[in-house]
Amino acid sequence: MIVMQSIGSLQFKHPLAPRAGKPIAVTEQLKRLKSVHDELQQFEQGMVDLMSIDKVAKELISDNLLRTKDKGVKAYVACCLADILRLFAPDAPYTVPQLQAIFEFFVTQLKGLTDTESPYFSQYCYLLESLSQVKSIVLVADLPNGEDIMTSLFRMFFDMVKPDSLKNLEFHMGEVLVQLVEEVPTIPVEVVEMILAQFLRVTNSAPTQTKKWTRATEKQSKVQTQISQAPPAYNMAKTICINCSDRMARQISQYFTDVIYNTSTKSGDDEISEEDMTDLKKAHSLIVEIWRSVPEVLQTVIPQLEQEILVENVEMRVLATETVGLIAGQIPGRVNFISSQPACWEAWMGRQNDRSGVVRAKWAEGCAYIIGSRSDVVKGTVEGLAKSLIDNEDRVRLSTCKAIGTLSYKTIIRKFRNEEILNNLAERSRDRKYTVRAEAIEVLGSLYDYAYEDISNQDQDVIAQLSWIPSRIFDLYYLSAKDTNLLLDYCLNEQLLPLEIDDKKRVQRLLTVVKYLDDKAKKAFAAVPARQQKMSAVVSAFIQLCEKNNGGVVEEDEEQLKTKIKNIVRWLSEQFPDASKAEANLMKFALLNDRRLYKAIKDCINSASEYGTIVKAFKELNSRLKPVSTVLETIMPIMYRSSALWYNRSNVLAILEISKDVSNPLSSCAHELLKDIASNVPAVLVAHIRDLTQQIQKSEPGFEGSVDTLKTCAEFAQKYPDELPQERQFLDALMQFATAGSAGEAKHAASMLLHTKRKHTYARDLLGACMTNDVNDEHFLAHLASIGELVLETPAIVEPEIDNIISFLIKEVLMRNRVKPSDDEKDWVEDSALEDDCHAKVLALRILVNRLRSAANADSAQEIAKPVLNLLNTLVVNAGEISKKKDTPAHFTSRLRLSAGLFLLKLARLPVYERLISPKDINSLSLLVQDTNFQVRQAFIDKLKMYLAREQLPEKYIPIMFLMAYEPEDEVKDELVMWIRARLAKQNQQKGTVLENCFPRLLHLLAHHPDYGTNVDDLLDSAQYLIFYMNTVVTEQNISLIFYFAQRVKQVRDALPDDTSERLYYLSDLAQAVIRQFEDAHGWSMQTWPGKAPLPSDLFKALPSATVAQKIARTTYIPDGVVEKLPGLVKVRTSARTRS
């Protein structure tokens, strides 16, 4: 049975509006209106007798009610009218003018929603809710002033809603606005602009240029917070666009067409007006925000961006490129930009090759934003970013480095699997532009700082990806660029190895950095503590002078003191790119007369300081110098370079502990550092040497790290022999290592024994134990190693047996091969695989050389040296073959010729023996840098560079370097180039001409080269050596001097017996032609050298007569075809540091 619901009727019968002569008190009027409202709101649509309501409906629109001054009356009238519209829906019981008045009245009443404390706030909310739920607001669409009412509502709601507003109000307001947009025939332009303006309330559209590495979760949290805190007006505009996407898409498209298209068509190649550009930027910001929230409404706008990307005007292309990058970087939601807009995406990707560097730079920023913002990996972005890092414009490279710096660490790890991008980033640390270089170093340092924890925890992926960073950072020291060195000071001490008070953590980080350094970087690393020692001595002297200066109150000779201060300040300031600024700051520091500052600096540079003391001193310096920030800028780099931050008492103890733990993967690195400490700053080992000697005393030969431990102690003993333990048990342990250990153990153990107070006693015992002359003895190599130390440290004790020793070494060790060549043998094997027979031969040569070293001051030095030098030279000339039977294995000969070459260099450091090494010997020796075996070339050139850098070899050995012009290994050659240029820079600081003076020697060396020839091809081959020299040494300032030397060689003859003077003249003409070509290629203007410079008398002698000299001068030696081909060989020099 169907139950029929009864139809209700309004029971209220009283008048609502006052009439003439029948006023109604306000309180009564409110009571009646409330009664009517209570009754009306109980009725449901279609369940009320509308005739019963008709009278009230008409009364409610009377002017007395609509225009009353009482807020309560108006509030209840509005609620009642809303009820009437609900109950009569869809046909309102009012005329159009009446509806117009009603909705204007509604607008005024809805303003009351701003006052939540109003007694009628609930009535205003009821009105809003009714308009929203009943949808009676759509009646506005048919009103003549509907657009005005609609505009007023939009303006009011957007201004009214606040973050602390009630959420249901925000919802209902949004619903009202959505209904209006859906129903009105035409959306007013002003309304469209208001809707779009709300999207500009959110300000997180652009990627932030920050240097802080943040974890991915932190980044996501930040974005989520920004979205959750979006202004309510923004949410309402978003709701409108989502619910009315079709209508809004048309309106938005028209809006952007008016702004973008019209601007692009009228601008062409001309500059865009400031006003138009402001509108364009606003429009593009809107596009980004709208895409973030409602991408559906922009489907017809994106093609306009695609066209804008391709316009001629650069400003517009930049803006469009930035906008598309921000859009594409949004995490794909309802619409994936890249897949939904492939044409625009392709056009944007093409901007990486835009002809404008500004556009390419903006593309790189957008590309990084896409990589960092999206969870997926977008094809081509990482590769494109890698390409931007090698762009030919520095602004693009700089922007790319900065953009990479904004990416989270996890993004780098997850998405930069392409090695090219990280390699290119590392290359930017050598960029020709300082700003790019600085940014790249900062990014690399920050990245390693964040990656260290994972590297330390043995995360193999991170190790493979990022553990190489310190190597690339340390490699930068080879550039010898002052501005770069300044950057490295901060990178090393604030990013790679920042201050850390915990000893264990600090040392573990130091060792981890060292563990993954390549060989080249390890050399640079080792140079830092060595530099620290030199710098600390200078800084110590500077502080002493400052203390004596006493703020200008001087007790001794004031002028002399000022001169000393100026000299030392000048030396320190020359380490800075802006020497004058640094000098001014240091002079200002000298006048501060702050004793606490002086003490802090002394604590920092004292290697005996505890690490905590150094850190405290650094804080003191920062605090006290902060008011004079310019002085701090100069002092801090000096402190980084001179402070004992790496090798100090606190660190040594932690390093020792790790070195003893053979299970620790950092143990071998700890041994390396201990050796370096013993070489550079042995003083810090004084307090801990017993820890090392106890380990030796308690161990048997062959214990883990034995050679490194013994070497560390041996180097310490050489500098601090009195600090070495003298107990019998320790000395007996050393005796055991010296006689029964490995060759390495024996060498260092014997060295220590021979630096103790009882060295003569132990020397005799050791000699007796080693004089077995039995090549089959299992400890034969140890005996040879120990004898090598004995002849060096205690020659008088060995001298009675020296003839027997030498005879045995020559006949039984050097001249006899116990290992025969095999058919498949290699020309080099690692030390661990090298047979004892070869080890013995090298140790035998060492004994012969050490005997000469110990006899350097003896009257018989030259006499005993001649056969040894002859043997070594023979080994070099014969490529390491020593046996008359020529049955020496290939990997033996490689070792022997290398050893011979290295021993010749060692002896050449001693003047008495260097005089016996003839130019012919040096010519033969020089060929080792062109040896067919890479290991021979590498080891020889490294040793040669080391001795030359320490100024232990005469200048005549420098030209050997330039024979590496044909070095096939680029890394080795590049390293040599950097070494030569660094030496040139240092030489220029000292106002010297050493590298220029060696040019005649280079020509002489080439004249005696076995590949010398006089045909065109041979001479062009020789030209390559000269070009290599030019590229590394010649500048506009010294080219005249080098040309002078080239000419002078044609005015002398060869001093060697096998007169090859004509070869010199060929090379003189060739050198002059190369120099001329070099001058033209660089656009220089070469002047005649004004002075005179002598040629080396050991290589050249005067011509016999003036007639001969004239004949030689008139003769052109180089054949036709040589000069014509030189332009193809001579290129404008670009150093590794300045290459983009």
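You'll find the structure just up there.
Residues numbered from 1 in each chain as written. Predicted model: local features only at pLDDT ≥ 70, side-chain atom pairs only at ≥ 80, totals over all residues. Heavy atoms only, no water.

(A) The arrangement of a positive patch on the surface in detail. Judged by side-chain charge, Lys13, Arg19, Lys22 and Lys55 come together as a positively charged surface patch. As for its placement among the helices and strands, Lys13 is situated in the segment before helix H1 (26-40). (Patch = residues over 30% accessible without salt bridge, like charges linked within 9 Å, V, L, I, M, F, W, Y side chains within 5 Å. Areas by Shrake-Rupley, 256 points an atom, 1.4 Å probe, with all protein chains shown as cover. Salt bridge = Lys/Arg side-chain N within 4 Å of Asp/Glu carboxyl O. Lys, Arg positive; Asp, Glu negative; His and termini not counted. Charge placed at Lys NZ, Arg CZ, Asp CG, Glu CD. Helix = DSSP H or I, 4+ residues; strand = E, 2+ residues; numbered from the N terminus.)

(B) Structural detail: helix H45 (residues 861-877). Taking 1.5 Å as the rise per residue, H45 with 17 residues should run 24 Å; its terminal C-alpha atoms sit 24 Å apart, in good agreement. The sharpest bend along H45 comes to roughly 25 degrees, located at Pro867. Those residues of H45 not exposed but buried are Ala861, Ile864, Ala865, Val868, Leu869, Leu871, Leu872, Asn873, Leu875 and Val876. Residues of H45 that are buried in the fold lie against helix H43 (802-814), helix H44 (836-854), helix H46 (890-908), helix H47 (911-914) and helix H48 (919-926). (Expected span 1.5 Å × (residues − 1). Bend = angle between axes of the 7 residues up to and from the residue. Buried < 20%, exposed > 50% of the residue type's maximum accessible area, 1.4 Å probe, protein only. Contact = heavy atoms within 4.5 Å.)

(C) Expanded view of the packing of helix H40 (residues 759-770) against helix H41 (residues 780-793). For the pair H40 and H41, interaxial distance at closest approach is 9 Å and the crossing angle is 145 degrees. The crossing of H40 and H41 is left-handed. Across from Ala763, Leu766, Leu767, Ala769 and Cys770 in H40, the residues of H41 making contact are His783, Ser786, Ile787 and Leu790. Of the residues in the contact of H40 with H41, the class split is seven nonpolar, two polar and no charged. (Axes fitted to C-alpha atoms, helices over the stretch in contact; angles between N-to-C directions. Left-handed = near helix turned anticlockwise from the far one by under 90°. Nonpolar A, V, L, I, M, F, W, Y, C, P; charged D, E, K, R; others polar.)

(D) Quick look at the pattern of salt bridges. The full count for this structure, using the stated rule, is 51 salt bridges. Glu427 is the salt-bridge partner of Arg472, the closest N and O atoms lying 2.7 Å from each other. Separated by 45 residues along the polypeptide, Arg472 in helix H25 (residues 469-475) and Glu427 in helix H22 (residues 419-428) bring together distant segments of the chain. You can call Glu427 partly exposed: its relative accessible area is 35%. Of the charged contacts in the structure, one is a salt bridge between Lys945 and Asp942, with a shortest N-O distance of 3.8 Å. Within this pair, Lys945 and its partner Asp942 are both found in helix H49 (residues 934-949), separated by three residues, close to a single helical turn. One network of salt bridges, with partners in common, ties together Arg360, Asp391, Glu393 and Arg395.

(E) Layout of a negative patch on the surface. On the surface, a cluster of negative charge is contributed by Asp519, Glu969, Asp970, Glu971 and Asp974. Take the negative patch: its biggest share by element is three residues, from helix H50 (residues 970-989). Tracing the backbone shows Asp970 in helix H50. Looking at Asp970, the relative accessible area reads 55%, which means it is exposed.

(F) Representation of the packing of aromatic side chains. Applying the stated criterion to the full structure yields 27 aromatic pairs. Note on Phe525 and Trp646: the rings are 4.7 Å apart at their centroids and 10 degrees apart in plane angle, and the pair reads as stacked. One end of the pair, Phe525, is in helix H28 (residues 519-549); the other, Trp646, is in the loop between helix H33 (629-642) and helix H34 (649-660), and 121 residues separate them in sequence. As far as the burial class goes, Phe525 and Trp646 line up, both buried. Each residue in the set Phe474, Tyr477, Phe525 and Trp646 is aromatic and connected to the rest through ring pairs, giving one cluster. Just above the ring of Tyr611 sits the side chain of Arg506; from NZ or CZ to the centre is 3.5 Å. The ring of Trp828 is capped by Arg895, whose NZ or CZ atom sits 4.2 Å from the centre of that ring. (Phe/Tyr/Trp six-rings, centres within 6.5 Å; stacked < 30°, edge-to-face > 60°. Lys NZ or Arg CZ within 6 Å of the ring centre and 35° of its normal.)

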